Amino acid sequence: MSQITRRDLIKLFGAGAAASTGLLGASKQAYAKSSAHIVIVGGGIGGAAFAKYMRLANADVKITMIEPNPQYTFCPGSNEILSGHETLENLTVNYNTLKSRFNIDVVQDIATEINYEGHQISTIRSGQISYDKLVVSPGPDFDYQFVDGYDAELAEGDFPHAWKAGPQTLKLKQQIDSMRQGGTMVISAPSNPYRCPPAPYERASFIANMLKQSNPTAKLLILDSKTSYVFQNHFEHYWKQHHNFGQENARIEWVSAKKGGTVIKLDAAEKIVTTVGGEKIKADVINIIPEEKAGRFAIANGLALGKNWVPYEPKTFASKVHPDVYVIGDTVDAPMPKTGYVASNQAKVVAAAINDLLAGKEPGTPFITNNCVAMAGEDYGMTITATFRYTGETKGKGFLTQVRTSKISENPSVNRIRAEVAKNWQRTFRKDMFS
Ligand SMILES: Cc1cc2nc3c(=O)[nH]c(=O)nc-3n(C[C@H](O)[C@H](O)[C@H](O)COP(=O)(O)OP(=O)(O)OC[C@H]3O[C@@H](n4cnc5c(N)ncnc54)[C@H](O)[C@@H]3O)c2cc1C
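Residues numbered from 1 in each chain as written. Predicted model: local features only at pLDDT ≥ 70, side-chain atom pairs only at ≥ 80, totals over all residues. Heavy atoms only, no water.

1. Side note on the environment of Asp60
On the secondary structure map, Asp60 appears in the loop between helix H2 (45-57) and strand S2 (62-67). For the pair formed by Asp60 and Ala36, sequence separation is 24 residues and the distance between their alpha carbons is 8.3 Å. (Helix = DSSP H or I, 4+ residues; strand = E, 2+ residues; numbered from the N terminus.)

Below, the structure is given as structure tokens:
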């Protein structure tokens, strides 16, 4: 099959794919276990984890995954590409094992429209695909409207956000590497929610560490649309030790939304960002991480019910639009951080629930965890563990949350061990769904 082009994507989303909603109501279909066909939209972390664990739960069902790309590049670890500690190749996997070992039919295509009543999904090149159960994990979409003058074209050009690991990551690295001595880099961090809450600060930390060696008089300014962020105490602790954070000569500065840090405008020609506080900052490298919302496929098919994120039934992650459609990963409006770990846990919960439903059983009680790791440097890691226990309540978002974050330690070996845990987390996590 030939590559899916940018034109295909514009054709699909530019004109606004027609949403065939309004076909609500519980499905009365009965499934013969061996004949059920489960289709997945998106072969990223959520989609791939679902495919593998659905197969492990049930050897008989037919599983088809629709994904435009022949390979998937992990975002976890991609900040380290910027500092030269990781490579894009190492973070890129293919679908061979899912195909050969787990008997997943991977269709290289773009899913466009769901026919809820007919249980069919349209694709650009492969026509209509019928499903009994549909799992949607298209990741987020970037919402550029909040920064005047910034758009998808500039992101592909001279202002890469690199919030989806790939060619933009390499371009941003090249810009940082060739920044003039004593230059200024700006990172604009988005408001919540967005994928991987600590990642903008991890990115800043890795870049500052690299600049300390290669461009020691350069400055890194984080302009934030938030007033606080996860692991803030850890990052500031580390930056004070390594980058004079909070001092006159700090290498790294953070301007919170409370102090007017939100970036509202980009003058691409002059390389100037304007903040909500009215400050104009000229920079050599500008990295605007855009705001996010549910993936286009989900919004175009009415799954978000006019909102920015997709509402869901907490027990099974079934969509509110149709019970045979399940939504997982960054696109869902769950009371959980938008991380790969959560996406893969949701995938496992949904695989178990679908397997129960196919067998005519009541699905079990979901219990989701998030084991999140981040690094401020190669020798400083931090961890957060959160549990999300299904409450059965219909009010709220249906989960009771408990969170534990690693404490600041003055013992270098503790911080180093946590960094090793973070690195090992990435290695094992990548293997979980693609091998
Ligand atoms: C810099 C950075 C660092 C991160 N670090 C971590 C970390 O350390 N730990 C962690 O847990 N998480 C981390 N994350 C977050 C993690 O990458 C996401 O939460 C995770 O990828 C979400 O999985 P997903 O399946 O929802 O989306 P994705 O993994 O983005 O997959 C979506 C897939 O859907 C496909 N798709 C989209 N539309 C269609 C369509 N119409 N038809 C067919 N396919 C379609 C896409 O091509 C893509 O392959 C990080 C993110 C970033 C940006």
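Let us keep going from here.
2. Brief notes about the packing of aromatic side chains
Counting across every chain of the model gives 19 aromatic pairs. Seen in terms of ring centroids, Tyr201 and Phe235 are 6.4 Å apart; in terms of plane orientation they differ by 50 degrees. Their pairing is tilted. Within this pair, whereas Tyr201 is found in helix H7 (residues 199-214), its partner Phe235 is found in helix H8 (residues 232-243), the two being separated by 34 residues in sequence. A relative accessible area of 0% means that Tyr201 is categorised as buried. (Phe/Tyr/Trp six-rings, centres within 6.5 Å; stacked < 30°, edge-to-face > 60°. Buried < 20%, exposed > 50% of the residue type's maximum accessible area, 1.4 Å probe, protein only.)

3. So, the pattern of salt bridges
Evaluated as defined, the whole model comprises twelve salt bridges. Here Arg296 makes a salt bridge to Asp141, at a shortest N to O gap of 2.8 Å. Taken together, the residues Arg296 in helix H9 (residues 296-300) and Asp141 in strand S10 (residues 140-143) connect sequence positions 155 residues apart. Using a relative accessible area of 12% as the deciding quantity, one classes Asp141 as buried. Residue Arg195 pairs with Asp330 through a salt bridge whose shortest N-O separation is 2.8 Å. A residue pair is termed long-range when its members are at least 10 positions apart, and Arg195 in the loop between strand S11 (184-189) and H7 and Asp330 in the loop between strand S21 (325-327) and helix H10 (340-358) qualify at 135 residues. It is possible to trace a salt-bridge network through shared partners that takes in Glu378, Glu420 and Lys423. (Salt bridge = Lys/Arg side-chain N within 4 Å of Asp/Glu carboxyl O.)

4. Overview of the side chain of Arg195
The class for Arg195 is buried, based on a relative accessible area of 16%. Polar contacts involving the side chain of Arg195 include one to the side chain of Asp330, which spans 2.8 Å. If we skip the residues at most four places from it in the chain, Arg195 touches Cys75, Pro140, Trp163, Lys164, Glu292, Asp330 and Lys338. (Polar contact = N/O pair within 3.5 Å; in protein donor to acceptor, adjacent residues only side chain to side chain. Contact = heavy atoms within 4.5 Å.)

5. Considering empty space enclosed by the protein
If you roll a probe as big as a water molecule over the atoms, it shows you where there is empty space left. All chains considered together, the criterion is met by one cavity of 30 Å³ or more. The calculated volume of the largest cavity comes to roughly 50 Å³. Lining the largest cavity are Gly329, Asp330, Val332, Ala334, Met336, Pro337, Lys338, Thr339, Val342, Ala343 and Gln346. Among the residues making up the lining of the largest cavity, the classes are represented as six nonpolar, three polar and two charged. (1 Å grid on protein atoms, 1.4 Å probe; cavity = no way out; pocket = protein on both sides within 12 Å on 5 of 7 lines; lining within 4 Å. Points joined across faces, edges and corners; volume = space filled by probe spheres on them. Nonpolar A, V, L, I, M, F, W, Y, C, P; charged D, E, K, R; others polar.)

6. Considering H2
Its 13 residues give H2 an end-to-end C-alpha distance of 18 Å, which sits within 8% of 18 Å, the value for a rise of 1.5 Å per residue. Extensive coverage of H2 is indicated by the burial of ten of its 13 residues. (Expected span 1.5 Å × (residues − 1).)

7. Overview of the sheet that holds strand S17 (residues 285-288)
Hydrogen bonding along the main chain pairs the strands of a sheet, whether they run parallel or antiparallel. The strand order across the open sheet formed by four strands is S13-S12-S11-S17, and the pairing between neighbours is parallel. Two strands close off the open sheet at either side, each with one partner strand: strand S13 (252-255) and S17. On average, each strand axis in the sheet is inclined to that of its neighbour by 15 degrees, with strand direction left out of account. Examined bridge by bridge, strand S12 (residues 219-224) and S13 share four bridges and lie parallel to one another. Across the sheet, residue Leu221 finds its bridge partner in S13, namely Glu253. Against the sheet, helix H6 (residues 167-177) contacts S11 and S17, and its axis sits at roughly 150 degrees relative to S17. The sheet contacts of H7 involve S11, S12, S13 and S17, and relative to S11 the element is tilted by about 165 degrees. (Pairing = 2+ DSSP bridges. Axes fitted to C-alpha atoms, helices over the stretch in contact; angles between N-to-C directions.)

8. Details of the packing of H10 against helix H11 (residues 412-434)
It is at 12 Å that the axes of H10 and H11 come closest, and there the two elements cross at 30 degrees. Taken together, the axis directions place H10 and H11 in an arrangement best described as roughly parallel. Where H10 crosses over H11, the handedness of that crossing is left-handed. From H10, Gly340, Tyr341, Ser344 and Lys348 reach across to H11, where they touch Trp425, Phe429, Asp432 and Met433. Tallied by class, the residues present in the contact of H10 with H11 amount to four nonpolar, two polar and two charged. (Parallel < 35°, antiparallel > 145°, perpendicular 65-115°, else oblique. Left-handed = near helix turned anticlockwise from the far one by under 90°.)

9. A word on unusual backbone geometry
With an omega dihedral of -5 degrees, the bond running from Asn192 to Pro193 counts as a cis peptide bond. Relative to the elements of secondary structure, Pro193 occurs in the loop between S11 and H7. The backbone of Asn103 shows a phi angle near 55 degrees, a positive value even though the residue is not glycine. Note on placement: Asn103 falls in the loop between helix H4 (96-100) and strand S5 (104-108). Positive phi outside glycine occurs at His119, with the angle close to 50 degrees. Mapped onto the fold, His119 is located in the loop between strand S6 (111-115) and strand S7 (120-123). Residue classification places His119 among the buried positions, given a relative accessible area of 9%.

10. So, the site of the ligand
In the region of the ligand, 33 residues are neighbours, and Gly46, Glu67, Tyr72, Arg195 and Asp330 sit closest. Between the ligand and the protein, one listed contact pairs an oxygen atom with a backbone N or O atom of Thr339 at 3.5 Å. Taking Gly340, its main chain carries an N or O atom lying 2.9 Å from an oxygen atom of the ligand. Relative to its free-state accessible area of 1000 Å², the ligand is covered by the protein chains to the extent of 94%. For the shell around the ligand, the secondary-structure elements that each account for two or more residues are H2, S2 and H10. (Near = heavy atom within 4 Å. Areas by Shrake-Rupley, 256 points an atom, 1.4 Å probe, with all protein chains shown as cover.)

11. Regarding the sheet that holds strand S24 (residues 399-405)
Ordered in space as S22-S23-S24, the three strands form an open sheet in which the pairing is antiparallel. Bordering the open sheet on either side are strand S22 (367-377) and S24, each of which pairs with just one other strand. Averaged over neighbouring strand pairs, the angle between their axes works out to 15 degrees when direction is ignored. In this structure, strand S23 (residues 380-390) lies alongside S24, joined through seven bridges in antiparallel fashion. Pairing of Ile384 across the sheet is with Thr405, part of S24. Taken strand by strand, H8 contacts S22 and S23, and its axis lies near 175 degrees from that of S23.

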